[in-house]
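Listed below, chain by chain, are the residues.
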Amino acid sequence: MPTASEQLDGWLSGDGEKTLGGLIATFEEKSFALLFIILMGVPALPLPTGGATHVFEIITMLLALQLIAGRDQIWLPERWQKLTLAGGSREKFITKLMAVIRWLERRSKRRLGFLFGHRLSGVVFGLLVLGGTVAAFLAPPFSGLDTLPSLGVVFISLALLMEDVALAIIGLLIGAAGILLEVFLGAAIVDGVGRLF
């Protein structure tokens, strides 16, 4: 069975449309995890985005709610499905993302794979993604505090792709640390700004 990076590479170099809709049609049940990785990979970068990634986070929340509701096929508005993933900075990002996925695939192995692929595991996965994404969305702008919750979502999604519970635990720890940091530092930032005015 081909790995996630091989499948993604084959899709990118193939003849089909390089759009969100094309990705969903090609990867079917794995498309939830791949979209979470692609959408939350940008806010996971250690850069203050100033809220520019909120669109990605809103789409991720919509997808997570579908997973929680038990959908096995993704529904997105037609306009979003036509969003192209090829060319320019998006393609560079996906190429770098594939390098990270390949690196993890070499070090990862299937651990407790029976936990993945069930209705209940989909609900739990959706809840974890929703929690991390909401935390990233609520991070104060230009604080960089959206990075760790987003990175947690990326690791949890990679765990689903590779059926590796160790990656899921790493993602949970990163996400929880990010939420705690956001609560304490975010409160300090808001308090500090409030004292200026």
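This report concerns the structure included in the present document. (Residues numbered from 1 in each chain as written. Predicted model: local features only at pLDDT ≥ 70, side-chain atom pairs only at ≥ 80, totals over all residues. Heavy atoms only, no water.)

## Things to note about the packing of helix α7 (residues 119-138) against helix α8 (residues 147-162)
Any two packed helices are characterised by the angle at which their axes cross and by the distance between the axes.
Here is step 1 of the chain: Contact geometry for α7 and α8: axes closest at 8 Å, N-to-C directions at 160°. Relative to α8, the element α7 lies roughly antiparallel. The two elements α7 and α8 meet at a crossing, and its hand is left-handed. Facing Phe-125, Leu-128, Val-129, Gly-132, Thr-133, Ala-135 and Ala-136 of α7, the residues of α8 in contact are Pro-149, Ser-150, Val-153, Ile-156, Ser-157 and Leu-160.
Here is step 2 of the chain: A class-by-class count of the residues in the contact of α7 with α8 yields nine nonpolar, four polar and no charged. (Axes fitted to C-alpha atoms, helices over the stretch in contact; angles between N-to-C directions. Helix = DSSP H or I, 4+ residues; strand = E, 2+ residues; numbered from the N terminus. Parallel < 35°, antiparallel > 145°, perpendicular 65-115°, else oblique. Left-handed = near helix turned anticlockwise from the far one by under 90°. Contact = heavy atoms within 4.5 Å. Nonpolar A, V, L, I, M, F, W, Y, C, P; charged D, E, K, R; others polar.)

## Things to note about the environment of Leu-180
Here is step 1 of the chain: Considering the arrangement of structural elements, one finds Leu-180 in helix α9 (residues 165-196).
Here is step 2 of the chain: A sequence separation of 77 residues divides Leu-180 from Trp-103, and the C-alpha atoms of the two residues are 29 Å apart.

## Digging into the packing of α7 against α9
Here is step 1 of the chain: At a closest axis distance of 10 Å, the pairing of α7 and α9 adopts a crossing angle of 30°. For the element pair α7 and α9, the recorded crossing hand is left-handed. Two secondary-structure elements touch here, α7 through Leu-128, Ala-135, Ala-136 and Leu-138 and α9 through Leu-172, Ile-179 and Glu-182.
Here is step 2 of the chain: Class assignment of the residues belonging to the contact of α7 with α9 gives a composition of six nonpolar, no polar and one charged.

## Remarks on helix α4 (residues 54-68)
For the α-helix, the turn length of 3.6 residues means that residues three or four positions removed from each other point alike.
Here is step 1 of the chain: Between the first and last C-alpha of α4 there are 21 Å, a value that for 15 residues agrees with the 21 Å anticipated at 1.5 Å per step.
Here is step 2 of the chain: Where α4 is concerned, the buried positions are Glu-57, Ile-59, Thr-60, Met-61, Leu-63, Ala-64, Gln-66 and Leu-67.
Here is step 3 of the chain: Buried-residue contacts for α4 involve α3 (31-41), α5 (78-81) and α7. (Expected span 1.5 Å × (residues − 1). Buried < 20%, exposed > 50% of the residue type's maximum accessible area, 1.4 Å probe, protein only.)

## Description of a nonpolar patch on the surface
Here is step 1 of the chain: Taken together, the side chains of Leu-181, Leu-185, Ile-189, Val-193, Leu-196 and Phe-197 present a nonpolar region at the surface, about 630 Å² in accessible area.
Here is step 2 of the chain: Of note, Leu-185 is situated in helix α9.
Here is step 3 of the chain: For Leu-185, a relative accessible area of 40% translates into the label partly exposed. (Patch = residues over 30% accessible without salt bridge, like charges linked within 9 Å, V, L, I, M, F, W, Y side chains within 5 Å. Areas by Shrake-Rupley, 256 points an atom, 1.4 Å probe, with all protein chains shown as cover. Salt bridge = Lys/Arg side-chain N within 4 Å of Asp/Glu carboxyl O.)

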